[in-house]
Amino acid sequence: MSNLNIVEVEGLTVILGGCVVLDDITLNIRAGSFTGLIGPNGAGKSTLLKVLLGLIQPVRGTARVFGHAPGGSHGLIGYVPQSANTQDSGFPVSVQDVVMMGRLGPDRIGGLYNQADRDATWEAMEGVGLASMAKQRFGSLSGGERQRALIARAMCGGPRLLLLDEPTTGVDVVAQDDFYNMLTRLKESHKITIALVSHDVGVITSMVDDLICLNQKVFLHGPPGEALKDGMIGKAYGSQTEIVMHGHDVPHRHLPVHGEGDENG
Ligand SMILES: Nc1ncnc2c1ncn2[C@@H]1O[C@H](COP(=O)(O)OP(=O)(O)OP(=O)(O)O)[C@@H](O)[C@H]1O
Ligand SMILES: [Mg+2]
């Protein structure tokens, strides 16, 4: 991992529907890092990813991705949106068909797939452990398998940065370790950068190189060991949340039952 930043966000403010969703945030993502983005519901995590993709315009501040304004680095970014795995078109498309769509882009609409596309598709399915399910209907996959297929689709376009918005939705607790190990392997073998939004605070703090905790503002940013010391996660999640340390120095989020604590957060 280098100290080069492939994402640089400075003084970024985003207003949606009249509300300030991101308020003067400054952060960066290091090349080759596994960066975890955490924060409560409505914190602006998905919004931040959409800004990086050029889908949402900030009212103030700048975002640079690979040195370009957002939207200028298509092909370099692979993206799996939040809840993408619940989509089922009802079409009898196979896993392989879905993954191979990742080879299409603005410059490739309507063309026929070639051998390079088929090779990349196969490699991407192997990378996520789905090669044996290539012919299976996408709609018949489990939630966790669909996530893997969508990651393969994002990977087979050959991105340098993979943005994943809550990819562990539908992945059971036991399978989560496998899932994160798979991402770490992909990151190493393809020399890419991964930024991932997650609510698995306990798990990702033990997996990532850098942790960014957002809630409208940046509450913490840095290696998880440093970041966790000062109780800033608790502040970001509000006073109803307590981060308790379990074994292995892994923090877990403890959400009190309704009515406990104050009315904020
Ligand atoms: N198009 C929009 N118009 C108005 N408000 C919006 C729009 N899109 C998002 N918001 C609001 O912006 C805030 C941040 O949304 P965002 O989806 O970024 O949160 P998040 O951190 O990804 O939350 P979650 O963990 O629930 O996915 C929310 O309060 C949401 O209601
Ligand atoms: Mg979100």
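As the structure is a computational prediction, the values presented were derived from the model and not from experiment.

**Some words on the sheet that holds strand β4 (residues 60–65)**
Then comes step 1: Reading across the sheet, the 3 strands line up as β2-β1-β4 and stay open at both edges, with antiparallel pairing between neighbours. With partners counted over all chains shown, the strands left at the sheet margins are β2 (19–30) and β4, one partner each. Neighbour-to-neighbour, the strand axes of the sheet open up by a mean angle of 15 degrees, direction not taken into account.
Then comes step 2: Strands in contact with helix α1 (residues 45–53) are β1 (5–16), β2 and β4; relative to β1, the strand with the most contacts, it is inclined by about 115 degrees.

**Section: helix α4 (residues 143–155)**
Helical geometry note: an α-helix holds 3.6 residues per turn, so side chains three or four residues apart project in the same direction.
Then comes step 1: For α4, built from 13 residues, the straight-helix expectation of 18 Å at 1.5 Å per residue is met to within 8% by its first-to-last C-alpha distance of 18 Å.
Then comes step 2: Burial analysis of α4 places 11 of its 13 residues in the buried class, which makes it a mostly covered element.
Then comes step 3: Buried residues of α4: Glu145, Arg146, Gln147, Arg148, Ala149, Leu150, Ile151, Ala152, Arg153, Ala154 and Met155, and no others.
Then comes step 4: Of the surrounding elements, those touching the buried residues of α4 are β5 (77–80), α2 (95–100), α3 (115–127), β6 (161–165) and α5 (173–190).

**What about the sheet that holds β5?**
Then comes step 1: The mixed open sheet is built from 6 strands, whose spatial order is β5-β6-β7-β3-β8-β9. At either margin of the open sheet sits one strand with a lone partner, and together these are β5 and β9 (217–222). Across the sheet, the mean angle separating the axes of adjacent strands is 15 degrees when strand polarity is ignored.
Then comes step 2: Bridging between β6 and strand β7 (residues 193–197) involves 5 bridges; their strand directions are parallel. Following the sheet pairing, Leu164 is matched in β7 by Leu196.
Then comes step 3: Packing against the sheet, α4 makes contact with β5 and β6, and its axis sits at approximately 160 degrees to β5.

Cut-off values and rules
Residues numbered from 1 in each chain as written. Chains lettered and ligands numbered in written order. Predicted model: local features only at pLDDT ≥ 70, side-chain atom pairs only at ≥ 80, totals over all residues. Pairing = 2+ DSSP bridges. Helix = DSSP H or I, 4+ residues; strand = E, 2+ residues; numbered from the N terminus. Axes fitted to C-alpha atoms, helices over the stretch in contact; angles between N-to-C directions. Contact = placed C-beta atoms within 7 Å. Expected span 1.5 Å × (residues − 1). Buried ≥ 20, exposed ≤ 12 C-beta atoms within 10 Å, placed from the backbone.

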